[in-house]
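Listed here are the chains, written in short residue letters.
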Amino acid sequence: MPSSSGEFGGQQPSSQGFGPGGQGSQGFDPSGSGERGFGPSEEDMERMEKEQKTRMLKDMQRGLRGMEQGIRMMDRGLNACRKAKVDVADADASLATIKDIIAKILAATDPEDLPDLMSELPEHFDKLREIVENCNQIAQLPRITKQLGREIKQLEGEHRRLTAQVKRAKLDLADQLSAITTGIETIKVMLAEVSRVKTTEEFEDAMAKLEGLHDTFEDIRENIDAVRSVLNIGRAITDAKREIRNVVRFISALKRKGADTSELAEMVAAGKALVVELETLAKQKPVDADALHKVAEALRVDP
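Every chain is numbered independently, its residues counted from 1 as its sequence is written. Local features in this predicted model are restricted to residues whose pLDDT is 70 or higher, and side-chain atom pairs enter the listing and the counts only when it is 80 or higher, whereas totals over whole chains, interfaces and linings include all residues. The basis for every side-chain value is the complete set of heavy atoms in the structure, and neither hydrogens nor water enter the calculation.

Okay, helix H8 (residues 289-298) next. For H8, the complete set of buried residues consists of Ala289, Leu292, Val295 and Ala296. Take H8 and look down its axis: the buried residues cluster within an arc of 125°, on one side only. Turned more than 90 degrees from where H8 packs its buried face, Asp290, Lys294, Glu297 and Ala298 sit exposed. Throughout this description, buried means an accessible area under 20% of the type-specific maximum (1.4 Å probe, protein chains only), exposed means over 50%, and partly exposed covers the range between. Helix and strand labels come from DSSP, where a helix needs a run of H or I of at least four residues and a strand needs a run of E of at least two; each type is numbered from the N terminus. Working note: the arc is built from the helix axis to C-beta atom directions.

Turning our eyes to something else, we now look at a negative patch on the surface. Each patch groups residues whose relative accessible area exceeds 30% and which form no salt bridge, using 9 Å between like charges and 5 Å between nonpolar side chains of Val, Leu, Ile, Met, Phe, Trp and Tyr. All accessible-area figures derive from a Shrake-Rupley calculation using a 1.4 Å probe, and residue coverage is judged against the displayed protein chains alone. Any carboxyl oxygen of Asp or Glu that lies within 4 Å of a side-chain nitrogen of Lys or Arg is treated as forming a salt bridge with it. Counted as positive: Lys and Arg. Counted as negative: Asp and Glu, with His and the chain ends omitted from the count. The atoms used to mark charge sites are NZ of Lys, CZ of Arg, CG of Asp and CD of Glu. A cluster of like negative charges, contributed by Asp87, Asp90, Glu130, Glu133, Glu201, Glu202 and Glu204, occupies part of the molecular surface. Ranked by residues supplied to the negative patch, first place goes to helix H6 (residues 200-256) with 3 residues. Following the sequence through the fold, glutamate 133 ends up in helix H4 (residues 114-169).

Looking now at the layout of surface pockets. If you add up the space inside the second largest pocket, you get close to 300 Å³. Taken together, 16 residues form the lining of the second largest pocket, with Ala169, Leu171, Leu231, Ile233 and Gly234 sitting closest to its centre. Elements represented by at least two residues in the lining of the second largest pocket include exactly H4, H6 and helix H7 (262-282). Per-element tally for the lining of the second largest pocket: the top contributor is H6, with 8 residues. For this scheme, ten residues count as nonpolar: Ala, Val, Leu, Ile, Met, Phe, Trp, Tyr, Cys and Pro. Four count as charged, namely Asp, Glu, Lys and Arg, and the remainder, Gly too, count as polar. Taken together, the residues of the lining of the second largest pocket sort by class into 8 nonpolar, 3 polar and 5 charged. Buried and open spaces are told apart on a 1 Å grid over the protein atoms alone, a cavity being a set of points where a 1.4 Å probe fits but cannot get out and a pocket being an open set with protein on both sides within 12 Å along at least five of seven lines. Residues with an atom within 4 Å of a point are the lining residues. Grid points are joined across faces, edges and corners, and a volume is the space filled by probe spheres set on the points.

Here you go:
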């Protein structure tokens, strides 16, 4: 018979075999803190986090080294501006700041320090790039002003020739000749101001002045064309008188043959009247260039 102690064919099973408090509970530890739990340990997590930060740091530093070539190019651009005696103090300050930030990033040991440093770079790079572009354009100003200076000399030579021709023709074109002189002097003053530009702040104003010169040049050329046209009126009058004489001789020949020349005679009379009107307008002081053109067109003479 079974004993009173509850034994049945052997020893009674231990209460620690299968139960919440028994030895079997050591096979699964939901907290992961037990020595025999699943997943990486705390030491493994710390090691992996450190390796990840190291990789991130190296990747960011490696990408940053690619900026060094761009910095060298900008530095060469600034050297060219310095040789052209352009003030690049602001650019030098931005370049020094960029180099300092890069040095700090390359020396960093914690990637968490990088975002603040990296966030400062775009602003300084944009400022430096803009200054370099502007200063390269400033370095071109001497070439531009030299070319415009040659054009001014050509205009001055044309003005002298026209003034002499107007004097010989005894015409009063003082308004047009004065406008040419004023335009030339205006361009000279602007070029003198532009040639003194040495900072990027002054550059925008200089470019606006150079763009404004286009209208001034156009005004000068229009006045030159007007003077030339008036001077050509004299030759137009001479040509018209010669043609009229030829028509008069032709009319005389037709009359001897008994032909009707009344229509031709009217044309000659109209032509003579227009020639007289042209001569009168040419003697006015000042000369009305527009009126001269209208009469010349009526006479079908291209002045």
